[in-house]
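What follows is the residue order along each chain.
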Amino acid sequence: MHRTAAFVFLVCAGLRADAPQAAAVARGVELALQGHCAEAMPLLDQAMRDAGNSVDAKRKAAFAGVRCSMTLNKQSDAMSFIAWLQEAYPKDPEVLFLAVHVFSDLSLRNSQELLDTAPDSPLVIQLNAENFEKQGDLAKAIAEYRILLQRQPDKPGIHFRIGGLIMDQPATATSSEEARKEFEQELKLNPQNAAAEYYLGELARHGDKLPEAIKHFSSAIALYPEFAEAHAGLGRSLLDSGKTADSVTPLETAAKLAPENPAVHFALATAYQRLGRKQDAAREFALQKRTAEKINRNTKTLHKNVSGAETVKQ
Amino acid sequence: MYPEPKLSSSRLLVAAAGVAGVLWFGALASPQAKRPHFTDIAPRSKLSYISNNDLSPRKYFIQPMCGGIAILDFDNDGKMDIFFTNGAKLPELKKTGPSFYNCLLHNRGDGTFEDVTKKAGLLGEELDYNLGVAAGDYDNDGYTDLFICSAGRNALYHNNGNGTFTDVTRQSGIGGKPAGTMSVGAAWFDYDNDGLLDLVVSNYTLWTPGTDKRCAAAGVEYYCDPRLFYEPVPHRLYHNLGHGKFEDVTEKSGFSRAPGKGMGISIADFKDDGWQDVFIANDTEANSLLINKGDGTFEDQGLSLGVAYDDSAKAVSSMGSDAKDYDNDGRVDIFYNNLMGQIWGLFQNLGDSFRYVSPQAKFNQLSGAYSGWSNGFIDYDNDGWKDLYSANGDVDNIKPNARQHDTMFENLGGKTFQDVSAEMGRDFLHVGYQRGSAIGDLNNDGFEDLVVTSLMEPPRILINSADNGNHWLVLELVGRYSNRDAIGAKVKLTTGTGRVLYNHVSVSVGFMSSSDKRVHFGLGSERQIRSIEIRWPRGAVQQLTSLTADRFLKVEEPLPQ
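Rules used throughout
Residues numbered from 1 in each chain as written. Chains lettered and ligands numbered in written order. Predicted model: local features only at pLDDT ≥ 70, side-chain atom pairs only at ≥ 80, totals over all residues. Heavy atoms only, no water. Helix = DSSP H or I, 4+ residues; strand = E, 2+ residues; numbered from the N terminus. Buried < 20%, exposed > 50% of the residue type's maximum accessible area, 1.4 Å probe, protein only. Contact = heavy atoms within 4.5 Å. Lys, Arg positive; Asp, Glu negative; His and termini not counted. Charge placed at Lys NZ, Arg CZ, Asp CG, Glu CD. Salt bridge = Lys/Arg side-chain N within 4 Å of Asp/Glu carboxyl O. Polar contact = N/O pair within 3.5 Å; in protein donor to acceptor, adjacent residues only side chain to side chain. Expected span 1.5 Å × (residues − 1). Pairing = 2+ DSSP bridges. Core = buried A, V, L, I, M, F, W, Y, C linked by side-chain atoms within 4.5 Å. Axes fitted to C-alpha atoms, helices over the stretch in contact; angles between N-to-C directions. Buried area = accessible area lost by both parts, 1.4 Å probe.

**What to know about the overall build of chain B**
Right, on to step 1. A tally of regular secondary structure across chain B gives eight helices and 39 strands.
Right, on to step 2. Taking the principal axes of the C-alpha coordinates as reference, chain B spans close to 65 × 55 × 50 Å.
Right, on to step 3. Residues counted as buried form 66% of the 561 residues belonging to chain B.
Right, on to step 4. For chain B, the proportion of contacts with a sequence separation of at least 24, taken over those separated by at least 6, is 61%.
Right, on to step 5. Side-chain charges in chain B split into 53 positive and 72 negative, and the spacing between the mean points of these groups amounts to 1 Å.

Here it is as structure tokens:
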């Protein structure tokens, strides 16, 4: 059976069965399939290094290598195999799926290691908060972060996390103000936090305080010039302020950095239209249409695939 | 081109009924009320109507939609009457008995209503599961007619002027649509400015009880997600040819190129170019804004004008819609509501595009807990700012907070809104599965009232307590060259202190419903009106000056010389 599997592998990889390199790769994969990871790993490592192997052969070796690395708890090896796969196959669903599992498993293992090694550490509290966050229990996550702040009031990043969680919860009459305070507190501890500046900009924009929004978005961009959302926020705030000509550059930058964001294309199209640049406006409206339809098409497909709907027989 | 208007006494009628109205309902008002509130007067009348969607454990896709409303004065006695549509037995899709009949209530003027459905010939026994209703005088004979949307056959009822109606669907040519088309809402408007009301119908999908999908979890059925099983279909446009005849112009008008899962329809001249445009809220699809090009064709510019999606370009479950100028800047804005967990959409008309202002208006704080269906801009406190009413209740009865109360979001100076529902009175806060709603002044006291349907319950007729002392003006516009209902006429009112208010004639409102066609203005504390400018659909501009508040004005359109 394993001989057959190795044969199929060789055919699929486009290798001649009698080539010594191919035989080594096939043997490594075969051993991995049998669960003999200690024996398989040197062969798989070699398969990845050997320039004579095809990309497809290396892909199979890398998949087997990831599984054996995880079995042997060789985390850095697993990361190396994954890194190669992501580089060679950046949009491959199987690679993405494997990466999700590997990183999730590594996360669990290291969490347990942290708990075992330093149960009193503030990092354990942070980890706990992050776990609540992952489970969607945002109120408990906020409470846990606040416990952490009692122990480490000057720890950067925590006020920012709380602010973000407040914004992720259903909005209340006071939530914007509460979030704003957290982001401001964060900036006192860490004035380099561009994301905090960005969120302050968004809060100001939603409150129709456009000059304030422009100030925060500009600060975010100064800290992180490649911040697409901040460029978009700045452009939209300028557009809403009637400063159409000024809005074009940040919106163009945002469109360049985040070409799949339909809201940016819409804002840029509107700016062009107001400036009489009809062709540019038409191009951006077309991009808005394409990107918006893609998002909604993907959403529909997602709902169809994973809705869990049980259709009753008629 | 047009003669200087002269207001003769025959055209300026102060409604005496308004005084009587205050008396009938005055006893219900609390003098301490900070804001006007609402009292349900439906229990005072003998009403057998309930919005019967044939609720059962077997859940059909159509059942969450039932109970369209029209507020109209069908007998021209000066008092607004009410019409309700109703469901049908499923899967038979037939009105198998009186509990499924439609209902016409005649306003007696004393706070009670009389069921005159049978006498009027509007029971609809021969129809099936009815949804929306549109009221309009399509033949300009001075009597309001009714168009009723259905899962099966749509129907046009001609008002005979003697308290009866005749089903003229077959001879009118307005009933045609692809088999199985579920028609949800309809709106009368004159798209080609020929003085005759045309009709737009929002369609949802192709559905029959036989093609209905069944969805269940752990053996319990629930209403299927429309994204999974139901495809959008084109909305339809019918051109009024005169003499009671209509032509289906869906293809040649361009409507066929903008399919959707149509719910609410809102009519307005969004571009202020003299041609009426159409906004259609589509459930789980991009909303449509069909811009009238003035040559008989329309182009869906929802995307490029910024109303197709919310701020993140995601399609939401758009339900009912309304289009009014909420910020009094002279441009008509758009509102739609949607389901729990989403944010209701408010789009400010900037002239060349729309700006999504739900966060600025505070809807992200106010609306997330509610599933809204019908809705409408209503200046319930007559302060001159149009507030937002929504009829709420979840799609299904599964979630613990599925039964919901209505909401009133008060407009604070055309910028933000605040939830004042808790002050609207116990009857307003009734929890259930609210669906249709329409706005109108049922007791002619100058304060707008509400009529609301709820699944498997009697309707509520919510009378405004009208007790905050604010002033008002109501215009009844009568077209003579334009369509007689004056649908599409724009009104600009300047108060004595120079405050400028805007409104326009549009009856299609919210979800499946049709409101009082009169144009209402709240004036706050002001009693004097410096001027009123009326721009009639066919171009005439009429000026009225130096008027006093708290009256009903009937204004006829000047004829071109």
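The discussion continues.
**Looking at the side chain of Glu-526 of chain B**
Residue and element names in this part refer to chain B.
Right, on to step 1. Looking at where Glu-526 falls in the secondary structure, it is placed in the loop between strand E36 (519-524) and strand E37 (528-535).
Right, on to step 2. Here Glu-526 occupies a buried position and makes no salt bridge, while the nearest side chain of opposite charge, Arg-499, is found at 5.4 Å.
Right, on to step 3. A distance of 2.9 Å separates polar atoms of two side chains, one belonging to Glu-526 and the other to Thr-495.
Right, on to step 4. Glu-526 has contacts with His-471, Thr-495, Gly-496, Thr-497, Arg-499 and Ala-549, leaving out every residue within four places of it along the chain.

**Structural notes on helix H11 (residues 194-206) of chain A**
Right, on to step 1. Over its 13 residues, H11 of chain A extends 18 Å from the first C-alpha to the last, a length consistent with the 18 Å expected when each residue adds 1.5 Å.
Right, on to step 2. Within H11 of chain A, 10 of the 13 residues are buried, leaving the element largely enclosed by the surrounding structure.
Right, on to step 3. Of all the positions in H11 of chain A, only Ala-194, Ala-196, Glu-197, Tyr-198, Leu-200, Gly-201, Glu-202, Leu-203, Ala-204 and Arg-205 of chain A are classed as buried.
Right, on to step 4. Buried residues in H11 of chain A make contact with helix H9 (158-168), helix H10 (175-189), helix H12 (210-223) and helix H13 (228-240) of chain A together with strand E23 (354-356) and helix H7 (358-361) of chain B.
Right, on to step 5. With a side-chain oxygen positioned 3.1 Å from the backbone nitrogen of Ala-195 of chain A, the residue opening H11 of chain A is Asn-193 of chain A.

**Looking at the pairing of strand E24 (residues 372-378) of chain B**
Residues and elements named next belong to chain B.
Right, on to step 1. With seven of its seven residues buried, E24 lies for the most part within the structure.
Right, on to step 2. Where E24 lies against strand E25 (residues 387-392), five bridges are found, and the strand directions are antiparallel. Its bridge partner lying in E25, Asn-375 is registered against Ser-390.

**What about the nonpolar core?**
Right, on to step 1. Core analysis: the biggest nonpolar cluster contains 52 residues, and Phe-147, Trp-188, Val-200, Val-278, Leu-475, Leu-477 and Ile-532 of chain B have the highest contact counts within it.
Right, on to step 2. When residues of this core are assigned to their parent elements, the largest contribution, four residues, is made by strand E10 (residues 181-189) of chain B.
Right, on to step 3. Aside from chain neighbours lying at most four places away, what touches Leu-477 of chain B is Arg-484, Asp-485, Ala-486, Ala-489, Val-491, Val-505, Val-519, Ile-534, Trp-536 and Val-555 of chain B.
Right, on to step 4. The next biggest cluster of nonpolar side chains, apart from the first, holds 27 residues, and it includes Cys-37, Ala-78, Val-95 and Val-102 of chain A.

**Points about the sheet that holds strand E26 (residues 407-412) of chain B**
Residues and elements named next belong to chain B.
Right, on to step 1. Taken in spatial order, the four strands of this open sheet run E24-E25-E26-E27, and their pairing is antiparallel. The two strands at the open ends of the sheet, each matched to only one other strand, are E24 and strand E27 (416-419). Each adjacent strand pair in this sheet contributes to an overall mean axis angle of 25°, direction not counted.
Right, on to step 2. Where E25 meets E26, three bridges bridge the pair, whose relative direction is antiparallel. The residue of E26 that forms the bridge with Ser-390 is Thr-407.

**Topic: the interface of chain B and chain A**
Right, on to step 1. Opposite the 34 residues of chain B that make contact, chain A presents 33 residues.
Right, on to step 2. For the chain B and chain A pair, buried surface summed over both sides reaches about 2800 Å², with 47% attributable to carbon and sulfur atoms.
Right, on to step 3. Inspection of the region where chain B meets chain A yields five salt bridges.
Right, on to step 4. Between Asp-311 of chain B and Arg-205 of chain A there is a salt bridge, and its shortest N-O distance comes to 3.6 Å.

**Observations concerning the environment of Asp-419 of chain B**
Residues and elements named next belong to chain B.
Right, on to step 1. By the secondary structure assignment, Asp-419 is in strand E27.
Right, on to step 2. If near-sequence neighbours (up to four positions away) are discounted, Asp-419 is found in contact with Leu-366, Tyr-370, Met-408 and Phe-409.
Right, on to step 3. Side chain to side chain, Asp-419 and Ser-421 meet in a polar contact 2.5 Å long.

**Things to note about the pairing of strand E31 (residues 471-478) of chain B**
All names here are of chain B.
Right, on to step 1. Of all eight residues that make up E31, seven are buried, and the element is covered over most of its length.
Right, on to step 2. Across five bridges, the pairing between E31 and E36 is antiparallel. Looking across to E36, one finds that Leu-473 is bridged to Phe-521.
Right, on to step 3. The sheet contact formed by E31 and strand E39 (residues 551-556) spans six bridges and is parallel. Bridge pairing links Glu-476 to Lys-554 in E39.

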